[in-house]
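# Structural characterization, general
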Amino acid sequence: MDGLQEPSERAVVEGQVQFGRFGRPFVDLNLLDAECGIPRLFGLRRFRLKEWVHIAVVHQEWYLSLSVVDLGFLVTSWLHLFDRRTGKAFEQGRKLPPWRFHAPENLWGQQGGIGAPGYRVSVHHNLERQVHRFVIEVNRKSRLPAVSGNLLLHEDPARTQPLVALLPLGRNRPMFTHKSACPVSGALYIGNENVRFAPDRDVALLDYHKAYYPRHTFWKWATFATIDANGSILGVNLTHNVIRDDTRYNENCIWHGNGISLVGPARFNILKDRTQPWKIRTEDGSVDLELVPQGLRRERVNLGLVASAYDQPYGLYSGTLTDCDGKRHEVEEVFGLAEDHAAIW
């Protein structure tokens, strides 16, 4: 596989997208300038751009999935929590008109958030200071506990190289993703319980995403990260989606220490019952994993012109990873998540 490229200052230059996988983020993530066949008339290009921020936070006793998504016609957010001690999960979320969410323009000193009665999430990206800050204020609702506090995701490229990819969904039609495995600090009150996060033990997976997805879209995604006894990150990001040439263009990698290994196309073997084990491998043999789900987040939407079938299992990964230096890493029951999503939007 080719190595990481050095990006230009702008993601789109004279209308042309600078496709590739890069060693650092773009300063100007100007995807609205892409001449991708989507007209600007009546804001249609902005309407077609899908944007989100998602974090998966793994604590020894809790797992948290937090997402804020701008679909163009709708903003949706969820806060899903899983108590690893009891196996119980609960969730709060909101669906709002698009003007209720301001998406961060990039990762350099930008912020955004969503606010609704009893539900507020703010995001502040500041890569210059190597931190992403999430502030959560969710009120108690019926039998669901209140959740509030601050999470700090510490992204140091010298410790863990992020995956920065700008990939083609069609002719000059971009998908941008910045994915990183970050030690996490801070604290959350979950009901009356004060949950503290330790950066030498706990890890968060960040997915910052912008894309002109086609109307019919699918992806399968698998990811996890852990901090080993030496204080090093070990993890993966694997996706199979609508990109046709995923040998050349994919977002598949292994994080190991301060290195990143780009790997081949990922393939998923998933049973109809999504709670049964998932098998994930890459065609180049670098990754061979099994996910045993312990919980499942599921959402179904069918509004005629818009539909979505979304499953996000989470649980324990086991298997092997072989990095670009030929070193084999054993994975034994490491907590992570996966997704299977098909949409018409």
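In short, a report on the structure. (Residues numbered from 1 in each chain as written. Predicted model: local features only at pLDDT ≥ 70, side-chain atom pairs only at ≥ 80, totals over all residues. Heavy atoms only, no water.)

## Describing the pattern of salt bridges
- As enumerated under the stated definition, the model contains 26 salt bridges in all.
- Arg274 is the salt-bridge partner of Asp311, the closest N and O atoms lying 3.7 Å from each other. Of this pair, Asp311 sits in strand 24 (residues 307-322) while Arg274 sits in the loop between strand 21 (266-269) and strand 22 (278-282), and the two are 37 residues apart along the sequence.
- Taking relative accessible area as the criterion, Asp311 reaches 3% and is therefore assigned buried.
- Across the salt bridge formed by Arg300 and Asp311, the nearest N and O atoms sit 3.3 Å from each other. In this pair, Arg300 is assigned in strand 23 (residues 287-302) and Asp311 in strand 24, connecting sequence segments 11 residues apart.
- For Arg300, a relative accessible area of 45% puts it in the partly exposed group. (Salt bridge = Lys/Arg side-chain N within 4 Å of Asp/Glu carboxyl O. Helix = DSSP H or I, 4+ residues; strand = E, 2+ residues; numbered from the N terminus. Buried < 20%, exposed > 50% of the residue type's maximum accessible area, 1.4 Å probe, protein only.)

## Remarks on the side chain of Glu155
- Along the polypeptide, Glu155 turns up in the loop between strand 12 (147-154) and strand 13 (163-170).
- The side chain of Glu155 sits in the buried core without any salt bridge; Arg24 is the nearest counter-charge, 12 Å away.
- Looking at Glu155, its side chain comes within polar contact range of the side chain of Ser180, at 3.1 Å.
- Apart from the residues within four sequence positions on either side, Glu155 is in contact with Leu127, Gln130, His132, Pro162, His178, Ser180, Cys182 and Leu206. (Lys, Arg positive; Asp, Glu negative; His and termini not counted. Polar contact = N/O pair within 3.5 Å; in protein donor to acceptor, adjacent residues only side chain to side chain. Contact = heavy atoms within 4.5 Å.)

## Notes on unusual backbone geometry
- The residue Gln130 is not glycine, and still its phi comes out positive at about 60°.
- In this structure, Gln130 sits in the loop between strand 10 (119-126) and strand 11 (131-138).
- What makes Gln130 partly exposed here is its relative accessible area of 34%.
- One non-glycine residue, Ser142, adopts positive backbone phi at about 55°.
- With respect to the helices and strands, the residue Ser142 is situated in the loop between strand 11 and strand 12.

## Focus on the packing of aromatic side chains
- In total, this model carries 18 aromatic pairs according to the counting rule given.
- For the pair Phe22 and Phe26, a centre-to-centre distance of 4.9 Å together with 70° between the ring planes defines the contact as edge-to-face.
- For Phe22, a relative accessible area of 3% corresponds to the buried category.
- For Phe26, a relative accessible area of 2% puts it in the buried group.
- For the pair Tyr63 and Phe335, a centre-to-centre distance of 5.2 Å together with 45° between the ring planes defines the contact as tilted. Pair noted here: Tyr63 is in strand 5 (residues 62-70) and Phe335 is in strand 25 (residues 328-344), with a separation of 272 residues, a long-range link. Residues Tyr63 and Phe335 agree in their burial class; the two are buried.
- Put simply, the rings of Phe22, Phe26, Phe176 and Tyr208 pair up and form one aromatic cluster.
- Above the plane of the ring of Phe47 lies Lys50, whose end atom (NZ or CZ) is 5.8 Å from the centre. (Phe/Tyr/Trp six-rings, centres within 6.5 Å; stacked < 30°, edge-to-face > 60°. Lys NZ or Arg CZ within 6 Å of the ring centre and 35° of its normal.)

## Points about the sheet that holds strand 19 (residues 253-256)
- Taken in spatial order, the 9 strands make up an open sheet running 20-19-18-17-25-24-23-22-21, and their pairing is antiparallel. The open sheet terminates on both sides in strands that have one partner only, identified here as strand 20 (259-262) and strand 21. Geometrically, the sheet is characterised by an average inter-axis angle of 20° between neighbouring strands, direction not taken into account. (Pairing = 2+ DSSP bridges. Axes fitted to C-alpha atoms, helices over the stretch in contact; angles between N-to-C directions.)

## Here we look at the pairing of strand 12
- Because side chains alternate across strand 12, one face comprises the buried residues Val147, Gly149, Leu151 and Leu153, and the other comprises Ser148, Asn150, Leu152 and His154, none of which is buried.
- In the sheet, strand 11 pairs with strand 12 via 8 bridges, with the strands oriented antiparallel. Residue pairing in the sheet places Val138 in a bridge with Val147 of strand 12.
- In this sheet, strand 14 (residues 173-190) lies alongside strand 12 in antiparallel orientation, the contact comprising 7 bridges. The partner of Asn150 across the bridge, within strand 14, is Ala187.

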